[in-house]
Amino acid sequence: MSELTLVSHKLCPYVQRAAISLTEKSVPFERRWIDLSDKPDWFADISPLGKVPVLVVEADGERTPIFESAAILEYLEDTRPHPLHLADAVSRARHRAWIEFGSETLNGIARLYNAPDAEAFTAAANKLADMFDRIESELAAHQSGPWFAGEDFSLVDTVFGPIFRYFDVFDPIGDFGILRGKPLVNAWRSALAARPSVRDAVVADYPDLLRDFLLRRRSHITSLMREPATASPAL
Ligand SMILES: N[C@@H](CCC(=O)N[C@@H](CS)C(=O)NCC(=O)O)C(=O)O
């Protein structure tokens, strides 16, 4: 069986998807951390888009890099036990679509923490609140938890565990109203936070690293963090 190395950055949510999948499948793997602000030369050779994650597969003396988290997740489904995709094709297709929705949610989170002023911040928070409304409806229509697909932990769970993790750091900064009034979303968030594969997908000082990252943005969220006494909820 091949040996696997996951080229990672400590804050990257796309990397976490792959780490969670590997852990759920009980597949041993190595982590190789890189600094995205100081990329090593070898990284350009294995990552055509200059992004993490990259999974380096070593078999029969050959090392083959796989880039893009969706491709990595599918490769692991194709080659490793304990499927995280559902059995029927329609469900798999829908799950792929919700994984894409998860990536759009991450873009929304980036818009939130990069928002330069209160107006842009509120617009980003409102857009995210709408996205989580859609998820609340989906959870209400299709399953009874604890996971996205009910009893079975699936690839959609590997995508949303890292998404909810942002809110553990956002919550002490302020209530931006994004997850408010969404009981199924919040129950899903709690279940994911307690899942060992999700918990262990990041380094222990992840919350401090994310706070440092946010403080360096010089964006609206940075000002909320610096002036907690005057910060008020954006919504
Ligand atoms: N579509 C990619 C997105 C991965 C991505 O955006 N990775 C970020 C870090 S979270 C990255 O490596 N960015 C390059 C950079 O910051 O230079 C995937 O799903 O793997």
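Computed from a predicted structure; not experimentally measured.

Reading the values: rules and limits
Residues numbered from 1 in each chain as written. Predicted model: local features only at pLDDT ≥ 70, side-chain atom pairs only at ≥ 80, totals over all residues. Heavy atoms only, no water. Pairing = 2+ DSSP bridges. Helix = DSSP H or I, 4+ residues; strand = E, 2+ residues; numbered from the N terminus. Axes fitted to C-alpha atoms, helices over the stretch in contact; angles between N-to-C directions. Contact = heavy atoms within 4.5 Å. Core = buried A, V, L, I, M, F, W, Y, C linked by side-chain atoms within 4.5 Å. Buried < 20%, exposed > 50% of the residue type's maximum accessible area, 1.4 Å probe, protein only. Domains from an automatic or database assignment. Expected span 1.5 Å × (residues − 1). Arc of directions from axis to C-beta. Buried area = accessible area lost by both parts, 1.4 Å probe.

1. Regarding the sheet that holds strand E1 (residues 3-8)
Strand order in the open sheet formed by four strands is E2-E1-E3-E4, and the pairing between neighbours is mixed. Two strands lie at the open edges of the sheet, namely strand E2 (30-33) and strand E4 (62-67), each paired on one side alone. The sheet shows a mean angle of 25° between the axes of neighbouring strands, taken without regard to direction. Seen against the sheet, helix H1 (residues 13-24) touches E1, E2 and strand E3 (54-59) and runs at an angle of roughly 150° to E1.

2. Focus: the nonpolar core
One finds Phe-132, Phe-170, Trp-188 and Leu-214 to be the most contacted residues of the largest nonpolar core, which totals 71 residues. Ranked by residues supplied to this core, first place goes to helix H6 (residues 155-170) with ten residues. When residues of this core are sorted by domain, at least three fall in each of domain 1 (3-79) and domain 2 (89-225). Contacts of Phe-170, omitting those with residues within four sequence positions, involve Ile-109, Leu-112, Tyr-113, Phe-176, Leu-214 and Ile-221.

3. Focus: helix H9 (residues 206-217)
Compared with an ideal rise of 1.5 Å per residue, which puts twelve residues at 16 Å, H9 spans 17 Å between its outermost C-alpha atoms and is within 8% of the ideal. The set of residues buried in H9 consists of Tyr-206, Leu-210, Phe-213 and Leu-214. Projection of H9 onto a plane perpendicular to its axis shows the buried side chains occupying an angular sector of 95°, all on one side. The first or second residue beyond H9 is Arg-218, which carries a positive phi of 55°.

4. Topic: the domain arrangement of the chain
Splitting the chain by domain gives domain 1 (3-79) and domain 2 (89-225). Relative placement of domain 1 and domain 2: their C-alpha centres are 22 Å apart. If you look at the interface, domain 1 gives 16 residues, while domain 2 gives 23 residues. In this assembly, domain 1 packs against domain 2 so that about 1,700 Å² is buried in total across both faces, 65% of it on carbon and sulfur atoms.

5. Remarks on unusual backbone geometry
Cis peptide bonds are those with omega within 30 degrees of zero, and the linkage from Val-52 to Pro-53 qualifies with 5°. Tracing the backbone through its elements, the reader meets Pro-53 in the loop between helix H2 (41-46) and E3. The omega angle of the peptide bond from Gly-145 to Pro-146 is 5°, so this bond is cis rather than trans. With respect to the secondary-structure elements, Pro-146 resides in the loop between helix H5 (118-142) and H6. The phi torsion at Glu-68 lies on the positive side, around 80°, for a residue other than glycine. Tracing the chain through its elements places Glu-68 in the loop between E4 and helix H3 (69-79). Unusually for a residue other than glycine, His-82 sits at a positive phi of about 60°. Tracing the backbone through its elements, the reader meets His-82 in the loop between H3 and helix H4 (89-114). According to the relative accessible area criterion, His-82 is partly exposed, its value standing at 47%.

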